[in-house]
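Single-letter residue listing:
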Amino acid sequence: MQQLSLLYKSHFGAAPQSIERLPGAGSNRLYYRLTTDDGKTVIGVVGTSVEENKAFIAITRHFTSKGLPVPTLIAVSDDSLRYLQTDLGNASLFDEIKADDYSHLIDTIRLLPRLQFEGGNGFDFSVCYPQPEFDRDNVMFDLNYFKYCFLKATGVDFHELRLQRDMERFADQLVAMQTAAKASTFMYRDFQSRNVMIKDERPYFIDYQGGRKGPYYYDVASFVWQASAKYPHEVRTTLVNEYYDALQQYTDAEPKDMFLANLRKFVFFRTLQVLGAYGFRGYFERKKHFIDSIPAAIANLSELLSEGVCDDYRELKATLSSLINQFEQKEKDSHEKYNQVAPKANNPKPLVVRVNSFSFKKGIPQDESGNGGGYVFDCRSTHNPGRYEEYKQLTGLDAPVIKFLEDDGEITTFLESVYRLAEHHVERFMQRGFSDLMFSFGCTGGQHRSVYCAQHLAEFLNKKYGIRVLVSHIAQGKSFVLNEKS
């Protein structure tokens, strides 16, 4: 941080008034917001990979020269490990989508061909990191990522040699499509709503340092079929049509039916790659939001298989069919388990769960059911977003705080043990006909961590068991009910 402050001072002539650490993303880069006396801000970035930083710097300078909507580089350290860029704020397209606001989706997808074609025009792809071009090695790495980080973790049985041969044939097909296109287009690689910031009602692109020369289908697949975005079918159709229309001004694109057929293959490929990432980040690193995204990705995969995208690859299709069946069976087993423990119709007092968030400064909430007790969990061992200025006025119900906590990961690991304990206790109480159970989560101010935990446990129990949950965020003065029909 000291070196970043020196870089700032060497450019602006004075040290920053304050430096605020920003929540991390899926990389080793560290982000800071540096503020001047008059309130102006810039973003400082500290990276661990010189090559990756140099790729971002070169791409950004090229994109800026083309007038593309990306952050502007302000200063770069001599060793390329630190740089300053313009501050695009905190509002991402993903945050809008989570709030069911699709107002900037069309603007974003229509900008994509411009980024791909103008961004690729005259660019020296040799600076890209870790490789300059989408190729067979690239495809096989991602397919094996899926196999080893997701497929094997699920325990699905498959013939590894036959599966490997199918994956190699599929890789050859994708690379042949890229070769036939004969276009020097920039492939963003991770084009998704989290990497689009909204400032002054305009979309701006970030985190493209992994980009390279590659097929334009890949970015469309990444964006439109982003599992965690969960776009309705009609929204996906609209986005694809808007992209295809915008594409016409940059290339003599193939007929639409051929475009859609080629796109579907890349959607399939991207879905497998994403499941590999979810497996690694979820199953191995235990980050909850990646685990929570798996069902939506499996649903995408199921739809693709039903459309015949994998019919030419016998072992791959059989393996993925088994995988989908396994997830469907788990869902069925979950419903059956609920039916076994659900309160009977003649039970006059079905189980009601009370879930609270509170501040330890104000004391532990009292049980008002008359049964006493319940569980009290202390969230203060986890990373506190309340330490950072931009979150001080927000709560654990707000998207920026949720993203901070889930990206950090400590809170999701903490909740895993709570979920297991809660499941066992709720099921036993339902079986025995008990009517009340209470869970309370405390933190310093009862505003961020405790609110996040209480809300997530309440929604988890309501969704899994269909029971009535009374939620009370005491420090915020908010109370509401999740009932059996939520």
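Residues numbered from 1 in each chain as written. Predicted model: local features only at pLDDT ≥ 70, side-chain atom pairs only at ≥ 80, totals over all residues. Heavy atoms only, no water.

Note: strand β10 (residues 352-359) against strand β13 (residues 468-473), six bridges, orientation parallel. Looking at β13, one finds that Asn356 is bridged to Ser472. Relative to strand β14 (residues 478-482), β13 runs antiparallel, the two sharing five bridges. By the bridge assignment for β14, His473 is matched with Lys478. (Pairing = 2+ DSSP bridges. Helix = DSSP H or I, 4+ residues; strand = E, 2+ residues; numbered from the N terminus.)

So, about helix α9 (residues 256-284). With 29 residues, α9 should reach 42 Å at 1.5 Å per residue; the first-to-last C-alpha distance of 40 Å fits that figure. Downstream of α9 by a residue or two, Arg286 has a phi angle that is positive, lying close to 60°. (Expected span 1.5 Å × (residues − 1).)

Attention shifts here to the sheet that holds strand β2 (residues 30-35). The antiparallel open sheet is built from five strands, whose spatial order is β1-β2-β3-β5-β4. The open sheet is flanked by β1 (18-21) and β4 (73-76), the only strands paired with a single partner. Along the sheet, successive strands turn relative to each other by an average axial angle of 25°, direction set aside. Packed on one face of the sheet, helix α1 (residues 2-12) meets β1, β2, β3 (41-46), β4 and β5 (82-86) and runs near 55° to β5. Set on the sheet, helix α2 (residues 50-65) makes contact with β4 and β5; between it and β4 the angle comes to about 145°. (Axes fitted to C-alpha atoms, helices over the stretch in contact; angles between N-to-C directions. Contact = heavy atoms within 4.5 Å.)

Quick look at the environment of Pro203 now. Mapped onto the elements of the fold, Pro203 is located in strand β8 (residues 202-205). By relative accessible area, Pro203 is classed as buried at 5%. Along the backbone, Pro203 and Lys463 are 260 residues apart, and their C-alpha atoms lie at a distance of 35 Å. If sequence neighbours within four positions are ignored, Pro203 has contacts with Pro69, Asp107, Thr108, Leu111, Val196, Met197 and Ile198. (Buried < 20%, exposed > 50% of the residue type's maximum accessible area, 1.4 Å probe, protein only.)

Attention now moves to the packing of helix α4 (residues 105-120) against helix α8 (residues 233-247). When two helices pack together, you describe them by how their axes are tilted relative to each other and by the distance separating the axes. Where α4 meets α8, the closest approach of the two axes is 9 Å, and the angle between their N-to-C directions is 40°. Here the hand of the crossing between α4 and α8 comes out right-handed. Residue-level contacts link Leu105, Ile106, Ile109, Arg110, Leu112, Pro113, Gln116 and Phe117 of α4 to Val235, Thr238, Leu239, Glu242, Tyr243, Asp245, Ala246 and Leu247 of α8. (Left-handed = near helix turned anticlockwise from the far one by under 90°.)

Moving on to helix α5 (residues 136-154). When the terminal C-alpha atoms of α5 are compared, their 26 Å separation across 19 residues agrees well with the 27 Å that a helix rising 1.5 Å per residue should span. Every buried residue of α5 is accounted for by Asn138, Val139, Met140, Asp142, Leu143, Asn144, Phe146, Lys147, Cys149, Phe150, Leu151 and Thr154. Among the residues of α5, the N-terminal cap falls to Asp135, whose side-chain oxygen and the backbone nitrogen of Asp137 are separated by 3.2 Å. Among the residues trailing α5, Gly155 stands out with phi positive, at a value near 80°. (Polar contact = N/O pair within 3.5 Å; in protein donor to acceptor, adjacent residues only side chain to side chain.)

Further remarks concern the pattern of salt bridges. All told, the structure shown has 22 salt bridges when counted by the stated rule. Between Glu390 and Arg33 there is a salt bridge whose closest N-O contact spans 3.5 Å. With Glu390 in the loop between β11 (375-378) and α12 (399-408) and Arg33 in strand β2, this residue pair connects regions lying 357 residues apart in the sequence. For Glu160, the salt bridge goes to Lys147, with nearest N and O atoms at 3.2 Å. Of the two residues, Glu160 sits in helix α6 (residues 160-181) while Lys147 sits in helix α5, which places them 13 residues apart along the sequence. Exposure remark for Lys147: the relative accessible area of 1% places this residue in the buried category. A single salt-bridge network, built from bridges that share partners, covers Arg29, Glu52 and Asp207. (Salt bridge = Lys/Arg side-chain N within 4 Å of Asp/Glu carboxyl O.)

This next bit is on the pairing of β4. Regular strands show a simple pattern: their side chains alternate between the two faces of the sheet. Taken together, the three bridges between β4 and β5 define a ladder with antiparallel strand orientation. Across the sheet, residue Leu73 finds its bridge partner in β5, namely Gln85. Linkage of β4 to β5, two consecutive antiparallel strands, is achieved through a turn of five residues, within which Ser80 is found at a positive phi near 65°.

The strand order β11-β12-β10-β13-β14 describes an open sheet built from five strands, whose pairing is mixed. The two strands at the open ends of the sheet, each matched to only one other strand, are β11 and β14. On average, each strand axis in the sheet is tilted by 15° relative to the strand beside it, whichever way the strands run. One ladder, built from four bridges, connects β11 with strand β12 (residues 436-443); its direction is parallel.

Time to look at the packing of helix α7 (residues 216-224) against α9. Interaxial distance between α7 and α9 falls to 8 Å at its minimum, and their mutual angle equals 60°. Here α7 lies oblique to α9, going by the angle between them. Judged by the sense of rotation from one axis to the other, the crossing of α7 with α9 is right-handed. On the side of α7, the interface is formed by Tyr216, Tyr217, Tyr218, Val220, Ala221 and Ser222, while α9 contributes Phe259, Asn262, Leu263, Phe266, Val267, Phe269, Arg270 and Gln273. (Parallel < 35°, antiparallel > 145°, perpendicular 65-115°, else oblique.)

Here the bond from Tyr129 into Pro130 is cis, since omega is 5°, no more than 30 degrees from zero. Tracing the backbone through its elements, the reader meets Pro130 in the loop between α4 and α5. The phi angle at Glu201 is positive, at roughly 65°, despite the residue not being glycine. Secondary-structure assignment places Glu201 in the loop between β7 (196-199) and β8.

Right, let's talk about the environment of Leu461 for a bit. By secondary structure assignment, the location of Leu461 is in helix α14 (residues 449-465). As for Leu461 and Val426, which are separated by 35 residues in sequence, their C-alpha atoms are 8.4 Å apart. If near-sequence neighbours (up to four positions away) are discounted, Leu461 is found in contact with Val353, Ala422, Val426, Phe439, Gly466 and Ile467.

Right, let's talk about the packing of aromatic side chains for a bit. Summed over the entire model, instances satisfying the criterion amount to 40 aromatic pairs. Pairing Tyr216 with Tyr217 gives two aromatic rings, centres 4.8 Å apart and planes at 40°, and the pair type is tilted. Classification of Tyr216 as buried rests on a relative accessible area of 8%. Taking relative accessible area as the criterion, Tyr217 reaches 6% and is therefore assigned buried. Where Tyr244 meets Phe259, the ring centres are 5.1 Å apart and the plane angle is 50°; that geometry is what we call tilted. Here Tyr244, found in helix α8, pairs with Phe259, found in helix α9; they are 15 residues apart in sequence, far enough to count as distant. Looking at Phe259, the relative accessible area reads 0%, which means it is buried. For Arg194, the ring lying beneath its charged end belongs to Phe94, and the centroid distance is 3.9 Å. We note Arg380 situated over the ring of Phe360; from NZ or CZ to the ring centre the distance is 4.0 Å. (Phe/Tyr/Trp six-rings, centres within 6.5 Å; stacked < 30°, edge-to-face > 60°. Lys NZ or Arg CZ within 6 Å of the ring centre and 35° of its normal.)

Nothing here speaks to function; it is geometry throughout.
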